[in-house]
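Close look at the chain arrangement
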Amino acid sequence: MDSLSRELQTFLVRLGYDAEGISHEMTHGMEHILHLLKPADEDTLIRYFGLFGAERMALDELAVERGMSPEDMMASIDASIRKIAVTPEWQEIKAELKKEN
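Report follows, based on the coordinates. What you see is a predicted model, and the numbers here were worked out from it, not measured in a lab.

Turning next to the packing of aromatic side chains. The full count for this structure, using the stated rule, is two aromatic pairs. With a centroid separation of 5.3 Å and an interplanar angle of 50°, the aromatic rings of Phe 11 and Trp 90 are classed as tilted. Within this pair, whereas Phe 11 is found in helix H1 (residues 3-17), its partner Trp 90 is found in helix H6 (residues 88-100), the two being separated by 79 residues in sequence. Across the pair, exposure class does not vary: Phe 11 and Trp 90 are buried alike. When the centroid spacing of 5.0 Å and the interplanar angle of 80° are considered together, the rings of Tyr 48 and Phe 49 count as edge-to-face. Each of the two residues, Tyr 48 as well as Phe 49, counts as buried.

Here it is, written out as structure tokens:
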């Protein structure tokens, strides 16, 4: 995973565990960014990271549900993260995060 994707993954983990610690604007922005993905990929990220109040699901559970091996499921998650990590929308949120810190 490249550095752009790692930064986004770190943010998604934080958003899943500490949504109150992230502004409403950033959370709302992330909801819109996730809509750039195919619905199944969007749903997978939401449930894998436990975003927006969704119950967090294990990689193995998601893989079984989607008829994939855990390795292929992880590759799909990584690819989805990469797709949105390069968007201007994510770059804006990332810039806002840096201003807050």
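Moving on from the coordinates now.
With respect to the helices, strands and loops of the structure, Lys 38 is situated in the loop between helix H2 (24-34) and helix H3 (39-49). Sequence-wise, Lys 38 and Trp 90 are 52 residues apart; in three dimensions their C-alpha atoms are separated by 17 Å.

Moving on, we get to the packing of H1 against H6. Running from amino to carboxyl end, H1 crosses H6 at an angle of 70°, the nearest separation of the two axes being 12 Å. Considering the angle they form, H1 stands roughly perpendicular to H6. Crossing of H1 over H6 shows left-handed handedness. In this structure, H1 contributes Leu 4, Glu 7, Leu 8, Phe 11 and Arg 14 to the contact, and H6 contributes Trp 90, Gln 91, Ile 93, Lys 94, Leu 97 and Lys 98. Residue classes in the contact of H1 with H6 are distributed as six nonpolar, one polar and four charged.

As a further point, take the layout of surface pockets. Looking at the largest pocket, its volume works out to about 190 Å³. Lining of the largest pocket is provided by Ser 23, Glu 25, Met 26, Gly 29, His 32, Ile 33, Leu 36, Glu 89, Glu 92, Ile 93 and Glu 96. Among the secondary structure elements, those contributing two or more residues to the lining of the largest pocket are H2 and H6. Within the lining of the largest pocket, the residues separate by chemical class into four nonpolar, three polar and four charged.

The rules behind the values
- Residues numbered from 1 in each chain as written.
- Predicted model: local features only at pLDDT ≥ 70, side-chain atom pairs only at ≥ 80, totals over all residues.
- Heavy atoms only, no water.
- Phe/Tyr/Trp six-rings, centres within 6.5 Å; stacked < 30°, edge-to-face > 60°.
- Helix = DSSP H or I, 4+ residues; strand = E, 2+ residues; numbered from the N terminus.
- Buried < 20%, exposed > 50% of the residue type's maximum accessible area, 1.4 Å probe, protein only.
- Axes fitted to C-alpha atoms, helices over the stretch in contact; angles between N-to-C directions.
- Parallel < 35°, antiparallel > 145°, perpendicular 65-115°, else oblique.
- Left-handed = near helix turned anticlockwise from the far one by under 90°.
- Contact = heavy atoms within 4.5 Å.
- Nonpolar A, V, L, I, M, F, W, Y, C, P; charged D, E, K, R; others polar.
- 1 Å grid on protein atoms, 1.4 Å probe; cavity = no way out; pocket = protein on both sides within 12 Å on 5 of 7 lines; lining within 4 Å.
- Points joined across faces, edges and corners; volume = space filled by probe spheres on them.

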